[in-house]
Amino acid sequence: MTSDPVSPRARLLTKRAARAGYCLMRDPRSPYAWTLLDAEDGTCVHSAATLDLIEQWLSE
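Residues numbered from 1 in each chain as written. Predicted model: local features only at pLDDT ≥ 70, side-chain atom pairs only at ≥ 80, totals over all residues. Heavy atoms only, no water.

## Observations regarding the nonpolar core
Residues Ala-10, Leu-13, Ala-17, Tyr-22, Leu-24, Trp-34, Leu-36, Ala-48, Leu-51, Ile-54 and Leu-58 constitute the largest nonpolar core, which totals eleven residues. Only helix H1 (6-19), strand E1 (22-26), strand E2 (34-38) and helix H2 (51-59) provide two or more residues apiece to this core. Residues in contact with Tyr-22, not counting those within four places in the same chain, are Ala-17, Leu-36, Leu-37, Asp-38, Ala-39, Val-45, Trp-57 and Leu-58. (Core = buried A, V, L, I, M, F, W, Y, C linked by side-chain atoms within 4.5 Å. Buried < 20%, exposed > 50% of the residue type's maximum accessible area, 1.4 Å probe, protein only. Helix = DSSP H or I, 4+ residues; strand = E, 2+ residues; numbered from the N terminus. Contact = heavy atoms within 4.5 Å.)

Here it is in structure tokens:
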């Protein structure tokens, strides 16, 4: 059994997103896009195909 190498990074980005007022969610269906939701009202703020793109958006 191997661990998912994305998991630690996803956890770190989830925490980073929370500090910025967002919830980071991954679509459970293919193509497994990532979505940032407003933490207060659940509105979609940004979505991207990869964690790299989510991280880039959070850095802007």
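## Section: H2
Buried residues of H2: Leu-51, Ile-54 and Leu-58, and no others. All buried residues of H2 fall inside an arc of 60 degrees around its axis, so they share one side. (Arc of directions from axis to C-beta.)

## Here's the deal with the sheet that holds E1
With respect to topology, three strands assemble into an open sheet ordered E1-E2-E3, the strand pairing being antiparallel. Strand pairing shows two members of the sheet lacking a second neighbour, E1 and strand E3 (44-48), which therefore form its edges. Across the sheet, the mean angle separating the axes of adjacent strands is 20 degrees when strand polarity is ignored. Relative to E3, E2 runs antiparallel, the two being bridged by four bridges. Residue Thr-35 lies in a different strand from E3, and its bridge partner there is Ser-47. Along the sheet, H2 makes contact with E1, E2 and E3, crossing E3 at roughly 135 degrees. (Pairing = 2+ DSSP bridges. Axes fitted to C-alpha atoms, helices over the stretch in contact; angles between N-to-C directions.)

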